[in-house]
Number of protein chains: 2
Amino acid sequence: MKLCPALKLCPRLLPRLWWTLLVLALAASGSSGQANGEDPLPSWQDGPAKKAILAFVSDVTTIGSPDYVPVEERITTFDNDGTLWTEQPMYTQFVFAVDRVKALAPEHPEWKQTQPFKAVLEGDSQTFLASGERGVLQLIMATHTGMTSDEFALIVKDWIKTAQHPRFHRPYTQCVYQPMLELLSYLRRNAFATYIVSGGGVEFLRPWTQPVYGVPPEWVIGSSVKTKFEIRAGQPVLLRMPEVDFVDDKAGKPVAIDKFIGRRPLAAFGNSDGDQQMLEWTAAGKGPRLMVLIHHTDGDREYAYDRKSMVGTLDHALEEANARGWTVVDMKQDWKAIFPRVQGGP
Amino acid sequence: MKLCPALKLCPRLLPRLWWTLLVLALAASGSSGQANGEDPLPSWQDGPAKKAILAFVSDVTTIGSPDYVPVEERITTFDNDGTLWTEQPMYTQFVFAVDRVKALAPEHPEWKQTQPFKAVLEGDSQTFLASGERGVLQLIMATHTGMTSDEFALIVKDWIKTAQHPRFHRPYTQCVYQPMLELLSYLRRNAFATYIVSGGGVEFLRPWTQPVYGVPPEWVIGSSVKTKFEIRAGQPVLLRMPEVDFVDDKAGKPVAIDKFIGRRPLAAFGNSDGDQQMLEWTAAGKGPRLMVLIHHTDGDREYAYDRKSMVGTLDHALEEANARGWTVVDMKQDWKAIFPRVQGGP
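These numbers come from a predicted model, not from an experiment.

Colleague: Whenever I open this one, the overall build of chain A confuses me. Can you help?
Modeller: Of the regular secondary structure elements, chain A holds 13 helices and 8 strands. Looking at chain A as a whole, 58% of its 346 residues qualify as buried. A sequence separation of at least 24 residues applies to 65% of the contacts in chain A between residues at least 6 apart.

Listed below in structure tokens is the structure:
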């Protein structure tokens, strides 16, 4: 059955008339949004991580529970790279930037002689890495700015449609974690808002998070460049400027959560030291809170890394998780599947 | 009847089971959220402004209409000062800052000799105004920073509970416009998100917009100072720093809308030149858009001002509105009532 489009995302406020009906309906269904004992997290093994998640959701959503939390305060935040999709062998947004350099190279003959572009064009990662943070910034500015916000969104949409992960040979949007898709959906069925709070660029995420994760643009928080309002040929545009606006990583994550949402999360999900402060900020709230770290332990099905990784280093946050009893998801043990089944695939 | 708390704000996603019920219910009710021809805007005269608003809402929410807009794209943005509540004789947040200076003065004996604080303490507005933007900034930094975000929210909550408007002798939260309260509610009943996009401080607004306007914290966008994540006595806090983060006014409004929401508004409401770019950005979207300016024409019931006002100057935006056929609300003509009835009052 095709649902009424008015209900596709969420009826923000329903006509009062129908509330009575709904109250009765919800009361009859219980509040967990689970239909008749169906497993809401079928790709999760019945281990401690799954148990902790189910217990938390039940605690805060069961009417009459001492830990009950009203719908409007049900905020959850998710890191993206390494938490919702693969971040190895390198951040997808970095791959995008490299592809953009290649696409733009004909307009920039000088790049053949200028670092870090020369290294990128020659696939010389040693030299690129030696260019450090400054090199990354130059790469981002050259590929992510100078166009309008609408133009950039189109570039991202086009790229993400066709780009493939080098190991898994499937689109990056299929290198998302099936257990996390189930979790996002389970939380939303229980009226949680599922925000993404990513160190990656907000404008790199928004064009595709709705179809892939069910997360609308206004629930995506990320790093950003400054934009400038201008009238061009009589039309207002937002021009993307070569200047960092905000870095949404580490201590920046709680700052951004407070700035964008203005509420403290009930639950936060991350996988690296970049998420540690977000989890600390969440844990410091009153009442029940759920802090979860995804630990990449499965080199066969995905990647195994933590303390010594270049990308997604998990060191201090793991220590704190162990010390404070936060939930650590062991991907190898806890997840029956890593990626969604691809149509026609295995 | 007390409604189930799970439905108080909005069921973000309802259990699939009940969607069928809802589809049938909504289909039966029509999509306008109006119960049986009841006037959704009873404080609005039946003039061109009300007609334009009703026609717009009907156009974009009627299933089958060529201009139908899905629920998730129904974004509206509202300026606050002068659009949702009185901004005369001066911005309420400025009154708050002045009251804070008085409250903090005993801890700052040096203020008796230092401008702009001396002028504020002596009620010498001439001298204060002469201190210009720098003076305002000093006042804001001295009164709005140096504490944690939680502490500041408490200060605002305490102040707004008791502070009274000097002319209307009622709390500022009762100096909100009754016709706009009806409009906000009418839009939300039709599944529009109603964002506030204010030049005022986001942290000055969030503590009270939910009970007063029905606007939750995550729908409030405003000017901000930088905050810093810190661990204090083992507890993480966000410290408010004496540094401007963002000025959400004029060309800053479309920038903030894009940054925070990532979608273009379908409708935007303002009252001054500070809202002009927000309305231009809205107007430039495809399909039907509604741009509304509140024109303060009622010196008897509220205030009459536009081009020559110090606060809430309406000049270029009014010209553009007239030239482009945007909706201009004439408060004297279009509004039957200005403020909500106070309990026990007239």
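Okay, back to it.
Colleague: What should I look at first to understand the packing of aromatic side chains in this one?
Modeller: One pair of aromatic rings is described through two measures. These are the centre distance and the angle between the planes. Residue and element names in this part refer to chain A. Using the criterion set out here, one finds 37 aromatic pairs over all chains in the structure. Pairing F96 with F152 gives two aromatic rings, centres 5.9 Å apart and planes at 80°, and the pair type is edge-to-face. You can see F96 sitting in helix α3 (residues 92-104) and its partner F152 sitting in helix α7 (residues 149-162), a full 56 residues away along the chain. Take F96: its relative accessible area is 0%, and that puts it in the buried class. Judged by its relative accessible area of 1%, F152 falls in the buried class. Across the ring face of F192, the terminal group of R74 is positioned such that the distance to the ring centre comes to 5.9 Å. Sitting over the face of the ring of Y303, R167 holds its NZ or CZ atom 4.9 Å from the ring centroid.

Colleague: Explain the packing of helix α11 (residues 276-283) of chain A against helix α12 (residues 316-324) of chain A here, please?
Modeller: Packed helices, taken two at a time, are described by their axes: the angle between them and the distance between them. Residue and element names in this part refer to chain A. Between α11 and α12, whose axes approach to 9 Å, the crossing angle comes to 25°. Taken together, the axes of α11 and α12 lie roughly parallel to each other. Only H316, A317, E320 and R324 of α12 make contact with α11, whose side of the interface consists of Q276, E280 and A283. For the contact of α11 with α12, a count of residues per class yields 2 nonpolar, 2 polar and 3 charged.

Colleague: Can you walk me through the pairing of strand β1 (residues 75-78) of chain B in this structure?
Modeller: Remember that side chains alternate between the two faces of the sheet whenever the strand is regular. Residue and element names in this part refer to chain B. Of the two faces of β1, both are covered, the one formed by I75 and T77 as well as the one formed by T76 and F78. Note: β1 against strand β2 (residues 193-201), 4 bridges, orientation parallel. Of the residues in β2, the one forming a bridge with T77 is Y195. Two elements, β1 and strand β5 (residues 267-270), share 3 bridges in a ladder whose sense is parallel. By the bridge assignment, T76 is partnered in β5 with A267.

Colleague: Teacher, can you tell me more about the nonpolar core here?
Modeller: Most often, soluble globular proteins keep nonpolar side chains buried together rather than apart. M180, L183 and Y213 of chain A together with M180, L183 and Y213 of chain B are the most contacted members of the largest nonpolar core, which has 158 residues in total. Element by element, the count of residues in this core is highest for helix α9 (residues 202-213) of chain A, at 6 residues.

Colleague: Help me out: how do you make sense of the environment of F192 of chain A in this one?
Modeller: All names here are of chain A. Along the polypeptide, F192 turns up in the loop between α8 (178-189) and β2 (193-201). Classification of F192 as buried rests on a relative accessible area of 0%. Placed 31 residues apart in sequence, F192 and S223 show a C-alpha to C-alpha distance of 23 Å.

Colleague: Any chance you could explain the pattern of salt bridges here in plain terms?
Modeller: Close approach of charged atoms allows side chains of opposite charge to pair. Residue and element names in this part refer to chain A. Using the criterion set out here, one finds 34 salt bridges over all chains in the structure. Among the salt bridges present, the one from D158 reaches K161, with a minimum N-O distance of 3.6 Å. In this pair, D158 and K161 are both assigned in helix α7, 3 residues apart and thus about one turn of the helix distant. Through salt bridges with shared partners, a single network forms among D39, D46 and K50.

Colleague: Can you help me understand a nonpolar patch on the surface in this one?
Modeller: Residues and elements named next belong to chain A. A contiguous nonpolar surface patch, about 240 Å² in accessible area, is contributed by L137, V244 and V247. Residue placement: L137 occurs in helix α6 (residues 132-144). Residue class for L137 comes out partly exposed when judged on its relative accessible area of 43%.

Colleague: I would appreciate a short explanation of the side chain of H296 of chain B in the present structure.
Modeller: Residue and element names in this part refer to chain B. Within the secondary structure, H296 sits in strand β6 (residues 290-297). Polar side-chain contacts of H296 include one of 2.8 Å to the side chain of E302. With sequence-adjacent residues up to four places away left out, H296 is seen in contact with G82, E87, Y177, N271, E302, Y303, A304, Y305 and M331.

Colleague: Just to check I follow, could you spell out the pairing of β2 of chain A for this structure?
Modeller: All names here are of chain A. A large share of β2 lies buried, amounting to 8 of its 9 residues. Sheet analysis places β2 next to strand β3 (residues 220-232), joined by 3 bridges and oriented parallel. Considered in β3, the bridge of G201 is made with S223.

Colleague: How should the side chain of H295 of chain A be read in this particular structure?
Modeller: Residues and elements named next belong to chain A. Residue position: H295 is located in strand β6 (residues 290-297). By relative accessible area, H295 is classed as buried at 15%. What H295 contacts, discounting residues up to four positions off in sequence, is Y305, D306, L314, L318, V328, V329, D330 and M331.

Colleague: Mind showing me how you'd approach helix α8 (residues 178-189) of chain B here?
Modeller: Counting along an α-helix, one turn takes 3.6 residues, and residues three or four places apart therefore face a common direction. Residue and element names in this part refer to chain B. The end-to-end C-alpha distance of α8, which contains 12 residues, comes to 17 Å, matching closely the 16 Å that a straight helix rising 1.5 Å per residue would cover. Along α8, the residues that are buried comprise P179, M180, E182, L183, L184, Y186, L187 and R188. The inward-facing, buried residues of α8 abut α2 (48-61), β1, β2, α10 (209-213), β5 and β6. One or two residues past the end of α8 sits A191, with phi positive at roughly 70°.

Colleague: Please clarify how unusual backbone geometry should be interpreted in this entry.
Modeller: Generally, phi is negative for residues other than glycine and the peptide bonds are trans, each holding for most cases. In this structure, P116 of chain A follows Q115 of chain A across a cis peptide bond, with omega equal to 5°. The omega angle of the peptide bond from Q88 of chain B to P89 of chain B is 0°, so this bond is cis rather than trans. In this structure, P89 of chain B sits in the loop between β1 and α3 (92-104). The phi torsion at K250 of chain A lies on the positive side, around 50°, for a residue other than glycine. Assignment of secondary structure puts K250 of chain A in the loop between β4 (235-246) and α10 (252-260). With a relative accessible area of 43%, K250 of chain A lands in the partly exposed category.

Colleague: Whenever I open this one, the packing of α3 of chain B against helix α7 (residues 149-162) of chain B confuses me. Can you help?
Modeller: Residues and elements named next belong to chain B. The contact between α3 and α7 brings their axes to 11 Å, and the two run at 100°. Between α3 and α7, the angle is such that the two are roughly perpendicular. Each of T92, V95, F96, D99 and R100 in α3 lies in contact with α7, whose residues at this interface are F152, I155, V156 and W159.

Rules used throughout
Residues numbered from 1 in each chain as written. Chains lettered and ligands numbered in written order. Predicted model: local features only at pLDDT ≥ 70, side-chain atom pairs only at ≥ 80, totals over all residues. Heavy atoms only, no water. Helix = DSSP H or I, 4+ residues; strand = E, 2+ residues; numbered from the N terminus. Buried < 20%, exposed > 50% of the residue type's maximum accessible area, 1.4 Å probe, protein only. Contact = heavy atoms within 4.5 Å. Phe/Tyr/Trp six-rings, centres within 6.5 Å; stacked < 30°, edge-to-face > 60°. Lys NZ or Arg CZ within 6 Å of the ring centre and 35° of its normal. Axes fitted to C-alpha atoms, helices over the stretch in contact; angles between N-to-C directions. Parallel < 35°, antiparallel > 145°, perpendicular 65-115°, else oblique. Nonpolar A, V, L, I, M, F, W, Y, C, P; charged D, E, K, R; others polar. Pairing = 2+ DSSP bridges. Core = buried A, V, L, I, M, F, W, Y, C linked by side-chain atoms within 4.5 Å. Salt bridge = Lys/Arg side-chain N within 4 Å of Asp/Glu carboxyl O. Patch = residues over 30% accessible without salt bridge, like charges linked within 9 Å, V, L, I, M, F, W, Y side chains within 5 Å. Areas by Shrake-Rupley, 256 points an atom, 1.4 Å probe, with all protein chains shown as cover. Polar contact = N/O pair within 3.5 Å; in protein donor to acceptor, adjacent residues only side chain to side chain. Expected span 1.5 Å × (residues − 1).

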